[in-house]
Structure formats: C-alpha cells, structure tokens
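Chain by chain, the residues run as shown.
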Amino acid sequence: MTAPATPSDALVAWDEIQDIELVIVRRMREHAAGAHPSAFRGAGHEPAGLRDWQPGDRPSAIDWAQSTLTNFAPLVTREQEHESTARLVIVADTSLSTRCGVGGVPVATIIARTVGTLALAGALFQDQVGLVTLDGPHRRLAVRPRVGKSHAVHCLETYQAVVTTGGGGAGNTAGEAGSGSETDLSALLRRTSLVPVISDFLFDGAEVLLGELANLNARHDVFVVLIDAAYAFELAVAPAGWTEVCDVETGQAALLSAGELRSLAAEVRVWQDTVADRAEELGLEVLRLGADAGRFHETVVDFLADRRIRRR
C-alpha cells in the first residue's frame with residue numbers, strides 16, 4: 001500500500017499508522033488465532049440508500065446513473081449495510097482543551113492515536129466502525145459506521161481534520177451526519193454498539209456527560225477512555241512572580257503565582273481521579289492512557305479484545 005502524503009500538521013503520522021496496524025495484527029493473532037467468527041451473517045448486505053463518494057469507497061459501489069445527475073461532482077455511492085457481529089462507534093473529544101500540551105504533544109495527539117488504534121482494530125475484527133466528535137454539548141456523527149481498513153484510516157483522518165482545521169473535514173458534513181449537531185448521543189446510535197468515549201474531561205459539564213453515558217450504557221456497551229492530561233500542565237515556572245493564564249474552554253484570564261502554577265498538574269490529576277471514580281460508580285469501565293507511547297497500542301488492543309470476549 002502506497003503511503004499517502006502526511007500533512008505537516010497531522011497529529012499522527014502515516015508511519016505510526018502502519019506501526020499501529022502491525023501491533024494490532026500481532027496482538028489479534030494471540031487473542032483470536034483461527035477462532036474469530038465471520039462478521040457477516042445471513043443474506044450478506046442490504047441497500048441503505050445513496051450518499052456522496054468518500055475516500056476508500058470501492059469503484060463498484062459508485063452509482064453512475066445517479067452521478068450523472070450531479071455532473072459527477074460529487075460522485076454518488078450506493079451504501080449497503082452488512083449484518084455485522086459488532087458495531088464500534090468511537091466518540092472522540094475535539095474540545096479546545098485537547099489542543100493543549102507540552103513537548104509538541106497535545107492531548108489531541110493521544111486521542112488521535114487512540115482513535116486510530118481502535119478503528120484499525122475494529123476493522124481487522126471485521127466490525128463496522130464509525131466516529132462521533134464531541135465538543136461540549138455538541139455531538140456530530142462525523143463518519144457513519146462501515147467496514148474496512150481504508151474506512152478506519154478515514155475515521156482517523158476525519159478526527160485530525162476536525163482538530164487541526166477546526167472544521168468538519170472529509171465526511172463531517174450535515175449531509176452525512178443527517179444534522180449539524182446533536183445534544184444526545186443516543187440519537188446518533190441507531191443500533192446497539194460498542195462505544196468508547198475518549199476525552200480528558202477537562203470541561204464544564206463532565207458530570208452531566210457521565211450521567212448521559214451511564215444511561216446510554218443500558219442499551220449500548222459504553223466505556224470511558226480517560227486521557228491523563230496532567231503532563232500538559234507540567235510547565236517550566238519562574239521561582240517567583242506572577243503569570244497570566246487563560247482558560248481555553250471559557251476564555252477567562254487569571255493571574256497565578258508561581259506556586260499556583262506549579263500545582264496545576266496535581267489539581268488536574270485530582271480532578272481526573274474524581275472523574276474516573278464517578279464513572280466507575282455509575283457502572284462505566286475506565287481505561288486510562290497517558291502520553292507515553294511505550295506499550296500504548298498493545299494496551300488499547302488488549303482492552304478491546306478482552307471487552308469483546310466478555311460480550312460474547
């Protein structure tokens with residue numbers, strides 16, 4: 001497979017995407033060597049309507065007759081749904097706090113890495129994989145669930161486009177989502193799904209979101225992927241003096257002493273510990289991930305594989 005050009009502002013480079021795939025294949029062989037059931041059952045697939053062409057679509061799926069009505073701009077694709085053993089809908093945080101970080105590693109990079117790992121693992125498990133972006137009260141169906149490796153990469157590229165450009169990117173359009181934004185995740189999940197929610201939870205309303213996820217867990221299999229963001233607040237601080245800081249979520253500015261600035265990372269850890277404890281009280285399993293990329297992909301794949309086994 002030819003490596004596409006990676007934008008200079010991409011959160012995850014193409015080389016890392018290839019590394020993710022190699023790790024997933026190796027771990028999947030250990031978890032499901034020869035024992036994984038086919039994802040497709042029954043009659044195979046059913047027509048699900050028409051939509052605009054997306055990267056990764058097969059040429060045979062293009063409806064050329066309908067495309068002539070749009071003068072081939074855009075091409076029109078026949079969408080078909082398979083009866084899959086599972087549907088994986090990734091909910092990924094795109095709020096402003098995810099742009100923060102140190103050492104050139106924003107929180108969004110860790111989220112993108114998680115999206116890529118889950119999406120590729122889902123594709124190799126032959127699951128339908130989709131993406132919902134989360135920004136405070138706004139939730140958007142960025143990519144409809146479909147199967148295939150190219151579609152998994154498309155989910156990752158769409159998340160990166162939303163974060164790096166602040167826009168929808170390919171596939172994050174009102175036409176695909178069905179509406180501009182939703183305030184209820186259940187409205188975006190038509191079928192029972194495995195729903196990992198990836199966020200640092202550094203925003204107002206985290207308690208409300210956890211309550212919504214707990215309610216959603218009654219029908220879907222929801223778990224929280226909490227990105228440990230304390231590292232982003234471990235800043236070089238002058239021994240004395242005051243520093244003006246700004247909350248990227250609210251836009252409010254404040255003057256902090258050197259001592260207060262040094263304590264920010266600890267306060268973030270305490271807050272995220274509280275979020276994790278509250279999620280578990282509500283019956284939500286929590287996977288915590290940090291900036292260290294050492295065994296990152298193995299940890300995510302092992303967690304996903306274990307969760308799939310328990311669901312059978």
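Residues numbered from 1 in each chain as written. Predicted model: local features only at pLDDT ≥ 70, side-chain atom pairs only at ≥ 80, totals over all residues. Heavy atoms only, no water.

Visitor: How should I be thinking about the sheet that holds strand β6 (residues 128-135) in this particular structure?
Guide: In any sheet, the strands associate via hydrogen bonds between backbone groups, in a parallel or an antiparallel arrangement. Read from one edge to the other, the open sheet built from six strands follows the order β7-β6-β3-β8-β9-β12, with strand pairing classed as mixed. Across the chains shown, the open sheet's two edge strands, defined by having one partner strand only, are β7 (138-146) and β12 (285-289). The sheet shows a mean angle of 20° between the axes of neighbouring strands, taken without regard to direction. By the bridge criterion, seven bridges tie strand β3 (residues 87-93) to β6 in an arrangement that is parallel. Within β6, the position partnered with A92 by the bridge is T133. Where helix α6 (residues 206-216) meets the sheet, its contacts fall on β6, β7, β8 (194-199) and β9 (221-227), and the angle it forms with β9 comes to roughly 150°. Strands β9 and β12 of the sheet are contacted by helix α8 (residues 264-281), whose axis makes an angle of about 155° with β12. (Pairing = 2+ DSSP bridges. Helix = DSSP H or I, 4+ residues; strand = E, 2+ residues; numbered from the N terminus. Axes fitted to C-alpha atoms, helices over the stretch in contact; angles between N-to-C directions. Contact = heavy atoms within 4.5 Å.)

Visitor: Any chance you could explain the pairing of β6 here in plain terms?
Guide: A regular strand carries its side chains on alternate faces of the sheet. The buried fraction of β6 is high, at seven of eight residues. Both β6 and β7 contribute to a ladder of six bridges, which runs antiparallel. The partner of L134 across the bridge, within β7, is R139. Counting the residues in the hairpin turn of β6 and β7 gives two residues, including G136, whose phi is positive at 65°. (Buried < 20%, exposed > 50% of the residue type's maximum accessible area, 1.4 Å probe, protein only.)

Visitor: Just to check I follow, could you spell out the nonpolar core for this structure?
Guide: In a soluble, globular protein the nonpolar side chains are often hidden away together inside. I90, I111, L131, Y159, I198 and I227 are the most contacted members of the largest nonpolar core, which totals 51 residues. A per-element tally of this core places helix α3 (residues 107-124) first, with 11 residues. With near-sequence residues (within four places) excluded, Y159 lies in contact with L11, A92, D93, T94, A108, I111, A112 and L131. Membership of the second largest hydrophobic core comes to 25 residues, among which are L185, L189, A206 and L284. (Core = buried A, V, L, I, M, F, W, Y, C linked by side-chain atoms within 4.5 Å.)

Visitor: Where do I start with the packing of α3 against helix α4 (residues 149-165) in this structure?
Guide: When two helices pack together, their arrangement is given by the angle between their axes and by how far apart the axes lie. With their axes 8 Å apart at the nearest point, α3 and α4 run at an angle of 165° to one another. Put simply, α3 runs roughly antiparallel to α4. Viewed along their axes, α3 and α4 form a crossing whose handedness is right-handed. Contacts from A108, I111, A112, V115, G116, A119, L120 and A123 of α3 reach α4 at K149, A152, V153, C155, L156, Y159, Q160 and V163. (Parallel < 35°, antiparallel > 145°, perpendicular 65-115°, else oblique. Left-handed = near helix turned anticlockwise from the far one by under 90°.)

Visitor: Is there a simple way to think about the pattern of salt bridges in this case?
Guide: Two side chains carrying opposite charge are able to pair once their charged atoms lie near each other. Evaluated as defined, the whole model comprises six salt bridges. A network of salt bridges, in which partner residues are shared, links E207, R278 and E281. (Salt bridge = Lys/Arg side-chain N within 4 Å of Asp/Glu carboxyl O.)

Visitor: Hey, could you run me through α4 in this one?
Guide: One full turn of an α-helix is made of 3.6 residues, so residues set three or four places apart face in the same direction. Given a rise of 1.5 Å per residue, 17 residues ought to cover 24 Å, and the 24 Å separating the end C-alpha atoms of α4 matches this to within 8%. With 12 of 17 residues buried, α4 is to be regarded as a mostly interior element. Residues of α4 that are buried include every one of H151, A152, V153, H154, C155, L156, T158, Y159, Q160, A161, V162 and V163, and no others. (Expected span 1.5 Å × (residues − 1).)

Visitor: Help me understand the packing of aromatic side chains in this model?
Guide: Geometry of an aromatic ring pair is reported as the spacing of the ring centres plus the angle between the planes. Across all of its chains, the model carries two aromatic pairs by this definition. Ring geometry for F223 versus F303: centroids 4.9 Å apart, planes at 55°, classification tilted. Here F303 lies in helix α9 (residues 296-311) and F223 lies in strand β9, a separation of 80 residues in the sequence. Across this residue pair, the class does not change: F223 and F303 are buried. (Phe/Tyr/Trp six-rings, centres within 6.5 Å; stacked < 30°, edge-to-face > 60°.)

Visitor: Looking at this structure, how should I read the packing of α6 against α8?
Guide: Relative orientation of the contacting elements α6 and α8 amounts to 25°, with a least axis distance of 10 Å. In this view, α6 runs roughly parallel relative to α8, as classed from their interaxial angle. Relative to α8, the crossing made by α6 is right-handed. On the side of α6, the interface is formed by A206, E207 and L210, while α8 contributes W271, V275, R278 and A279.

Visitor: Explain the environment of L216 to me, please; I cannot follow it from the model alone.
Guide: Summarising the element assignment, L216 is placed in helix α6. Taking relative accessible area as the criterion, L216 reaches 6% and is therefore assigned buried. The sequence separation of L216 and S186 amounts to 30 residues, and the corresponding C-alpha distance is 6.6 Å. Not counting chain neighbours up to four residues away, the residues in contact with L216 comprise L185, S186, L189 and V222.

Visitor: What is the right way to read α8 from this model?
Guide: If you check α8, its first and last C-alpha atoms are 26 Å apart, about what 18 residues at 1.5 Å a residue would give, namely 26 Å. What α8 keeps buried is the set L264, A265, V268, Q272, V275, A276 and A279. Relative to the axis of α8, the buried residues are bounded by an arc of 110° and lie together on one face. Away from its buried face, by an angle of more than 90 degrees, α8 presents the exposed residues V270 and E281. On its buried side, α8 packs onto α6, β9, β11 (253-257), α7 (258-262) and β12. Following α8 by one or two positions, G283 adopts a phi angle in the positive range, close to 85°. (Arc of directions from axis to C-beta.)

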